[in-house]
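Analysis of the macromolecular model
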Amino acid sequence: MLAAAIGLLIGYILRKSKAEKTIGSAEQFAKNIVLDAENKSEAMKKELLMEAREEVHLLKDEVDREIKERRSEIQEAEKRIIQKEESIEKKTENLERKEENFQKKEQGLIDKENELDAQLERQHAELERISGYTSEEAMQLLLSNLEKEIRVEASILIKDIETKAKEEGEKKAKEIISGAIQRCAADHVAESTVSVVPIPNDDMKGRIIGREGRNIRAIETLTGIDLIIDDTPEAVILSGFDPVKREIARLSLEKLIVDGRIHPARIEEMVEKAERDVANTIKEEGEQATFEVGVHNLHPELIKLLGRLKYRTSYGQNVLKHSVEVAHLAGLMAGELGLDAKVAKRAGLLHDIGKAMDHEVEGTHVDIGIDILRKYRESESIINGMAAHHGDYEPKSLEAVLITAADALSAARPGARRETLETYIKRLHKLEDIANTTKGVEHSYAIQAGREIRIIAKPDEVSDDEIAFLAREISKKIESELEYPGQIKVNVIRETRAVDYAK
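Below, the structure is looked at part by part.

Calculation criteria
Here the residue index of a chain counts from 1 through its sequence in written order. A pLDDT threshold of at least 70 governs which residues receive local features in this predicted model, and a stricter bar of 80 or more applies before side-chain atom pairs are shown or counted, although totals over entire chains, interfaces and linings include all residues. With hydrogens and water excluded, all non-hydrogen atoms of the structure serve as input to the side-chain values. Secondary structure counts use DSSP, requiring at least four H or I residues in a row for a helix and at least two E residues in a row for a strand, with both numbered from the N terminus. Whether two residues are in contact is decided by their heavy atoms: any pair within 4.5 Å suffices. Each residue's exposure class comes from its accessible area (1.4 Å probe, protein chains only) as a fraction of the maximum for that residue type: buried when under 20%, exposed when over 50%, partly exposed otherwise. The length a helix should cover is 1.5 Å for every residue beyond the first. Pairs of N or O atoms within 3.5 Å make up the polar contacts considered here, provided that, within protein, one atom can donate a hydrogen while the other can accept it, and that residues adjacent in sequence are counted only when both atoms are side-chain atoms. Here a salt bridge means any side-chain nitrogen of Lys or Arg lying within 4 Å of a carboxyl oxygen belonging to Asp or Glu. Cavities and pockets were defined on a 1 Å grid built from protein atoms only: a cavity is a group of points that admits a 1.4 Å probe but offers it no way out, a pocket is an open group of points flanked by protein on both sides within 12 Å along at least five of seven lines, and a lining residue is one with an atom within 4 Å of any such point. Grid points are joined across faces, edges and corners, and a volume is the space filled by probe spheres set on the points. Ten residues, namely Ala, Val, Leu, Ile, Met, Phe, Trp, Tyr, Cys and Pro, are considered nonpolar, four, namely Asp, Glu, Lys and Arg, are considered charged, and the remaining ones, Gly among them, are considered polar. Buried residues of nine kinds, namely Ala, Val, Leu, Ile, Met, Phe, Trp, Tyr and Cys, make up a nonpolar core once their side-chain atoms join them within 4.5 Å. Strand pairing requires that DSSP identify at least two bridges connecting the strands. Simply put, an axis is a line fit to the C-alpha atoms, just over the touching stretch for a helix, and the angle between two N-to-C directions goes from 0 to 180 degrees. Throughout this description, any angle smaller than 35 degrees is read as roughly parallel, any larger than 145 degrees as roughly antiparallel, any in the 65 to 115 degree range as roughly perpendicular, and the remainder as oblique. A crossing counts as left-handed when the near helix is turned anticlockwise from the far one by less than a right angle, and as right-handed when that turn is clockwise. Residues enter a patch when their relative accessible area is above 30% and they make no salt bridge; the linking distance is 9 Å between like charges and 5 Å between nonpolar side chains (Val, Leu, Ile, Met, Phe, Trp, Tyr). Only the protein chains shown count as cover for residues, with accessible areas throughout obtained via the Shrake-Rupley method and a probe of 1.4 Å. Note that His is not counted, nor are the chain ends; the positive residues are Lys and Arg, and the negative ones are Asp and Glu. To locate a charge, take NZ of a lysine, CZ of an arginine, CG of an aspartate or CD of a glutamate.

1. Things to note about the overall build of the chain
A count of helices and strands for the chain gives 14 helices and eight strands. Considering only contacts in the chain between residues 6 or more positions apart, those separated by 24 or more positions represent 62%.

Below, the structure is given as structure tokens:
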């Protein structure tokens, strides 16, 4: 036990000494590690400081360089600004000097203007004193002289233009128109607003009148036509502006006279039958007109309206025959000129379509015709050709101009139209009055049934160069103030005579 205790003690001591040695070496090792770490950290710190100093130096150099560049840019900008300010100051000074000069010149001009005004006033006063005219009178005299000169020049120009136009166009126009007229032939029927129905004897008049006038009242009520039964032997006169109704009344009365049974019931039956006959005739005449002219694809209602023109007259000229003739003439002239003959024919055939309804609808036959053609969807070229044939609307195509020319040709040729004696005389008087009231006219004479007016000009008021202007002025007044079929030739004559006697 003692030995064990001693062994334990010795072992303890040995372990303790060994442990102390080990601990001492460990502490020394730890100290060495710490010293190494401190040395390394110092070295790293020095290195980092060196790197930081270098980086700071580099940044400082870069910043300094940028500052220098910015400073140089700012200095240059300041120089430019200073230069601009100097130039602006110089320009401002120049502008101020120019403004002063302008003000001086303006004042000088104002002074000169005042001086000129005063001088002009003195000159006007002197001119008025010398001439004996005031400024207004002198101006009127100058304008009058200028107007005379312009009138003379205009007259010469008009004369030259007319001469050239005649030289270039007269030959060709004559060929086209004469050829169209020679190739076109149409019958004409002269009718008026009355129709005469022959009766076998005067006893028939009493039967037509009927007891207490019931028969004649029935006829007039059903047809809308007035019956005139007077002393005219063996004839009854039908009077009315609607030609279709007048035709129905004529056919009804003729059938009643042939039948012999005249009473209200029979009258009504005959009027209905006559209406059917006239309607068939109207349709046939319309179809015949379209076939004769060569116009197809017309609306059936337009064909009926064309047929109604058979019973319509204008200045004694049958309108349906006139329309057919206008269609032929327009088509022929269009063919000669290389235009659309189909459009010309169609527009020529329909140019007076409004006259078929002008007894029933208010307005001119041109406006009525426009509404009719638009209702049945005719093309704008056809509508314009129809609308422009009296000058109410501007022609938009050469075909429309040809319709106007063909209408004038058909109406103006001798024998195509007639008018009452009273209307004829009034027209002649009006024609001469228009010419006589024109300045510079001494006498005027309407000749050739009003187709020409010869005017004797005053030689001391109208010169040779001015007679063309005078003729144009009178023709324009006739166009605006007078209604007439066809055209009127205005012939102005100027003659100067010198008379002396040998003694």
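From this point on, the discussion continues.
2. Here's the deal with unusual backbone geometry
For Glu212, which is not glycine, the phi dihedral falls at a positive 55 degrees. Positionally, Glu212 belongs in the loop between α3 (203-209) and α4 (214-223). Taking relative accessible area as the criterion, Glu212 reaches 71% and is therefore assigned exposed. The phi dihedral of Asn297 falls on the positive side, at around 60 degrees, and the residue is not glycine. Considering the arrangement of structural elements, one finds Asn297 in the loop between α6 (264-293) and α7 (300-308).

3. Notes on α6
Here α6 spans 43 Å end to end across 30 residues, near enough to the 44 Å set by a 1.5 Å rise per residue. Among the residues of α6, Arg266, Ile267, Met270, Val271, Ala274, Val278, Ile282, Gly286, Ala289, Thr290 and Val293 are the ones counted as buried. Against α4, α5 (243-259), α7, α8 (319-337) and α9 (341-349) lie the buried residues of α6. Where α6 ends, the next residue or the one after it, Gly294, has phi of about 90 degrees, a positive value.

4. A look at the side chain of Thr290
Here Thr290 is to be found in helix α6. Of the residues examined, Thr290 reaches a relative accessible area of 9% and is grouped as buried. Within the structure, the side chain of Thr290 is placed 2.7 Å from the backbone oxygen of Glu287, a separation counted as a polar contact. Once residues lying within four places of it in the same chain are set aside, the contact partners of Thr290 are Val295, Leu298, Ile303, Leu306 and Leu349.

5. Thoughts on the pattern of salt bridges
Within the structure shown, the criterion is met by 13 salt bridges. Among the ionic pairs, Glu285 bridges to Lys310, the shortest N-O distance being 3.9 Å. With Glu285 in helix α6 and Lys310 in the loop between α7 and β4 (313-314), the pair connects residues that are 25 residues apart, well separated along the chain. Residue classification places Glu285 among the partly exposed positions, given a relative accessible area of 23%. By sharing partners, the salt bridges in this structure join Asp259, Arg261, Arg266 and Glu269 into a single network.

6. What to know about the layout of surface pockets
A probe matching the size of a water molecule, rolled over the atoms, marks out where space remains unfilled. Roughly 350 Å³ of volume is contained in the second largest pocket. Looking at the second largest pocket, the residues that line it are Ser144, Glu147, Lys148, Arg151, Thr438, Lys439, Gly440, Glu461, Val462, Glu466, Leu470 and Glu473. The greatest single-element share of the lining of the second largest pocket, amounting to four residues, is contributed by helix α2 (residues 135-183). Its residues assigned to classes, the lining of the second largest pocket comprises two nonpolar, three polar and seven charged.

7. Brief notes about the nonpolar core
In this structure, Leu298, Leu302, Leu306, Leu349, Leu350, Ile353 and Leu373 are the most contacted members of the largest nonpolar core, which totals 39 residues. Those elements that provide at least two residues to this core are α6, α7, α8, α9, α10 (365-375), α11 (380-387) and α12 (398-412). Residue contributions to this core peak at nine residues, all from α8. Those residues within four positions of Leu302 in sequence are excluded, and the remaining contacts are Ile353, Ile372, Leu373, Tyr376 and Glu378. If you look at the next biggest cluster of nonpolar residues, it comprises 26 residues, including Leu227, Ala249, Leu256 and Tyr311.

8. Remarks on the sheet that holds strand β7 (residues 452-457)
Sheet strands line up and pair through hydrogen bonds in the backbone, either parallel or antiparallel. Pairing within the open sheet is mixed, and its three strands lie in the order β6-β7-β8. The sheet terminates laterally at β6 (441-447) and β8 (489-493), the two strands that pair on one side only. For this sheet, the mean angle separating the axes of adjacent strands, direction not counted, is 20 degrees. Alignment of β7 against β8, held across five bridges, turns out to be parallel. Its bridge partner being in β8, Ile456 is matched across the sheet by Ile493.

9. Regarding the environment of Asp433
Within the secondary structure, Asp433 sits in helix α13 (residues 421-436). Judged by its relative accessible area of 45%, Asp433 falls in the partly exposed class. For the pair formed by Asp433 and His443, sequence separation is 10 residues and the distance between their alpha carbons is 10.0 Å.

10. A look at empty space enclosed by the protein
Following the criterion strictly, the structure yields one cavity of 30 Å³ or more and no others. For the largest cavity, the full set of lining residues is Asp242, Pro243, Val244, Arg308, Arg312, Lys355, Ala356 and His359. Across the lining of the largest cavity, the residue classes tally to three nonpolar, one polar and four charged.

11. Things to note about the packing of α5 against α6
For the pair α5 and α6, the least separation of the axes is 8 Å and the interaxial angle reads 130 degrees. With respect to each other, α5 and α6 are oriented oblique. For the crossing formed where α5 meets α6, the hand is right-handed. Contacts from Val244, Glu247, Ile248, Leu251, Ser252, Lys255, Leu256 and Asp259 in α5 reach Arg266, Ile267, Met270, Val271, Lys273, Ala274, Glu275, Asp277, Val278 and Ile282 in α6. Here the contact of α5 with α6 is composed, by residue class, of 10 nonpolar, one polar and seven charged.

12. Focus on the environment of Gln288
Checked against the element boundaries, Gln288 lands in helix α6. Separated by 15 residues in sequence, Gln288 and Ile303 have C-alpha atoms that sit 9.4 Å apart.

13. A word on α10
Listed in full, the buried residues belonging to α10 are His365, Val366, Ile368, Gly369, Ile370, Ile372 and Leu373. Packed against the buried residues of α10 are α7 and α11.

14. Brief notes about a nonpolar patch on the surface
On the surface, Leu2, Ile6, Ile10 and Leu14 cluster together into a nonpolar patch covering about 410 Å² of accessible area. Among the secondary structure elements, Leu2 is positioned in helix α1 (residues 2-131). According to the relative accessible area criterion, Leu2 is exposed, its value standing at 64%.

15. Examining a negative patch on the surface
Where like charges cluster on the molecular surface, the negative patch consists of Glu85, Glu86, Glu89, Glu93, Glu96, Glu99 and Glu100. Relative to the helices and strands, Glu85 resides in helix α1. According to the relative accessible area criterion, Glu85 is partly exposed, its value standing at 45%.

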